[in-house]
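Close look at the chain arrangement
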Amino acid sequence: MPSTDASLLASVDARTKLAGSNKMEILLFSLGTRETFGINVFKVREVSQTPTITKTPNMPFGVEGVLSLRGNIIPVISLAKFIGHDNNGSKFDTMIVTEFNKSTQAFLVDSVDRIIRVDWDKVRAPENIMAAAGTNQNLITAVTELENGKLVSILDVEQILASVVGEPRLPDVPTAQLETDQYIFFVDDSVVARKEITGVLEKMGIKFQQATNGREAWDRLQVLAGRNWADGECLHDYLKIILVDAEMPEMDGYVLTKLIKSDQRFKGIPVIMHSSLSSNANRAMGSSVGVDSYVAKFDPGVLAETLIPFLQR
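Because the structure is predicted, anything quoted here is derived from the model rather than measured. (Residues numbered from 1 in each chain as written. Predicted model: local features only at pLDDT ≥ 70, side-chain atom pairs only at ≥ 80, totals over all residues. Heavy atoms only, no water.)

**What about the overall build of the protein chain?**
Across its full length, the protein chain carries nine helices and 15 strands. Here the protein chain holds 313 residues, and the buried ones make up 53% of them. Within the protein chain, contacts between residues separated by at least 24 positions form 66% of all contacts whose residues are at least 6 apart in sequence. When the accessible surface of the protein chain is totalled, it reaches about 14300 Å², and 46% of it is carbon and sulfur. (Helix = DSSP H or I, 4+ residues; strand = E, 2+ residues; numbered from the N terminus. Buried < 20%, exposed > 50% of the residue type's maximum accessible area, 1.4 Å probe, protein only. Contact = heavy atoms within 4.5 Å. Areas by Shrake-Rupley, 256 points an atom, 1.4 Å probe, with all protein chains shown as cover.)

Right, here's the structure in full:
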């Protein structure tokens, strides 16, 4: 295992140049089984040996305890418990500290391997879904293949975190004043994210259409843009906002945004990036491809506040 985050996670600035290239970098790790798992490098703050974990009472399923990291108390989560492989003799003395959804947490793993760069179009939705232990929740958000033919399963860590901390309560949000045939289009590959977005839009009284990955979204958007419009009408009269995730199989949100912004049929329709990757580097990546606004997952009130000014234009 590389000894520190310095050896694994150097040159983050260089990685921001991946925006619009339809590529991602994945940190490979093991949970002590034959499977290889992966997580987007942009979610990872550091990798280190696991220090002493403090047990606390009434911990949610999968939480081993807490630890102090640079003055902050963060939960320590056993990924192996979520995939039902906690009794395989592994020590899990390596931890991956992650930051996403405006939250910091450590995931216990058996070992880390290396960072690989893959094309998003080589990342696909899984056919054989892994469910969380004792639940019917899907925990594999995407699958890709190494040069030797070995499959890498990319865990839906957003869903795992949601099961630990619970889903956010929907606050009171303003109702959008839209015409009957006006709507928002959103795309996200995470089941939990789609559920949360749907809840906000329904509470705001906004009609919507949705997709589960960037390629599907682009195909559906082209169908919408290809309609035969009446004189004086255009897509902008009906489609008011396009809300895109950053990480998605087949086509990421950066490439999707570039395609939208380069197509005159979508002129005047704002693109808002809604992502668990909330660092300044990721915001800069969004700006570089032309997003009109960037909102971090998942705060229902902030999402609603971000949407309203664009709907009122």
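**Examining the sheet that holds strand S5 (residues 72–78)**
An order of S3-S6-S7-S5-S4 is seen for the five strands of this open sheet, with the pairing classed as mixed. In the strand order of this sheet, the two ends are held by strand S3 (44–49) and strand S4 (63–69), each with one partner. Adjacent strand axes in the sheet meet at a mean angle of 30° when their direction is disregarded. Where S4 lies against S5, six bridges are found, and the strand directions are antiparallel. (Pairing = 2+ DSSP bridges. Axes fitted to C-alpha atoms, helices over the stretch in contact; angles between N-to-C directions.)

**A short note on a negative patch on the surface**
Among the surface-exposed residues, Glu179, Asp181, Asp231, Glu233 and Asp237 lie close enough to one another that they form a single negatively charged patch. Turning to its location among the elements, Asp237 is positioned in the loop between helix H6 (214–225) and strand S13 (239–244). (Patch = residues over 30% accessible without salt bridge, like charges linked within 9 Å, V, L, I, M, F, W, Y side chains within 5 Å. Salt bridge = Lys/Arg side-chain N within 4 Å of Asp/Glu carboxyl O. Lys, Arg positive; Asp, Glu negative; His and termini not counted. Charge placed at Lys NZ, Arg CZ, Asp CG, Glu CD.)

**Focus on the packing of helix H5 (residues 191–204) against helix H9 (residues 300–311)**
Interaxial distance between H5 and H9 falls to 10 Å at its minimum, and their mutual angle equals 55°. In this view, H5 runs oblique relative to H9, as classed from their interaxial angle. In the crossing of H5 with H9, the sense of the turn from one axis to the other is right-handed. Contact residues: H5 offers Val200, Leu201 and Met204, while H9 offers Pro300, Leu303, Ala304, Leu307, Ile308 and Leu311. Across the contact of H5 with H9, the residue classes break down as nine nonpolar, no polar and no charged. (Parallel < 35°, antiparallel > 145°, perpendicular 65-115°, else oblique. Left-handed = near helix turned anticlockwise from the far one by under 90°. Nonpolar A, V, L, I, M, F, W, Y, C, P; charged D, E, K, R; others polar.)

**Quick notes on the sheet that holds strand S8 (residues 111–119)**
Reading across from one edge, S8-S1-S2-S10-S9 is the order of the five strands in this open sheet, with mixed pairing throughout. Both outer strands of the open sheet, S8 and strand S9 (140–145), are each paired with one neighbouring strand and no more. Sheet twist, expressed as the average angle between the axes of neighbouring strands with direction ignored, equals 35°. By the bridge criterion, seven bridges tie strand S1 (residues 23–30) to S8 in an arrangement that is antiparallel.

**Focus: the side chain of Asn213**
Position of Asn213 among the secondary structure elements: in the loop between strand S12 (207–211) and H6. Here the side chain of Asn213 touches Arg215 through a polar contact of 3.0 Å, landing on its backbone nitrogen. A distance of 2.8 Å separates a polar side-chain atom of Asn213 from the backbone nitrogen of Glu216. When residues no more than four places from it in sequence are discounted, the contact partners of Asn213 are Val187, Met248, Pro249 and Glu250. (Polar contact = N/O pair within 3.5 Å; in protein donor to acceptor, adjacent residues only side chain to side chain.)

**Overview of helix H8 (residues 280–288)**
Among all positions of H8, only Asn282, Met285 and Gly286 are buried. For H8, the arc enclosing every buried residue in end-on projection is 100°, short of the 170-degree limit, so these residues lie on one face. Every exposed residue of H8 that faces more than 90 degrees away from the buried side is listed here: Asn280, Ser287 and Ser288. (Arc of directions from axis to C-beta.)

**So, the nonpolar core**
Nonpolar side chains tend to gather and get buried jointly when the protein is soluble and globular. Counting residues in hydrophobic clusters, the biggest one holds 31 residues, and the most contacted among them are Phe185, Leu221, Ile242, Leu256 and Phe266. Mapped by element, the contributors of at least two residues to this core are strand S11 (183–187), H6, S13, helix H7 (253–261) and strand S14 (271–275). Examining the composition of this core, we find that five residues originate from one element, H6, more than from any other. Excluding residues within four positions of it along the chain, Leu256 makes contact with Val187, Gly214, Ala217, Trp218, Leu221, Val244, Met248 and Met251. Counting residues in each nonpolar core, the second largest holds 26 residues, with Val44, Leu79, Phe82 and Leu139 among its members. (Core = buried A, V, L, I, M, F, W, Y, C linked by side-chain atoms within 4.5 Å.)

**Focus: unusual backbone geometry**
Peptide bonds are, in most cases, trans, and in most cases residues other than glycine have a negative phi. Cis peptide bonds are those with omega within 30 degrees of zero, and the linkage from Lys297 to Phe298 qualifies with -25°. Tracing the backbone shows Phe298 in the loop between strand S15 (293–296) and H9. Positive phi outside glycine occurs at Arg70, with the angle close to 50°. Among the secondary structure elements, Arg70 is positioned in the loop between S4 and S5. Phi at Lys102 is positive, roughly 55°, even though this residue is not glycine. Structurally, Lys102 is set in the loop between strand S6 (94–100) and strand S7 (103–109).

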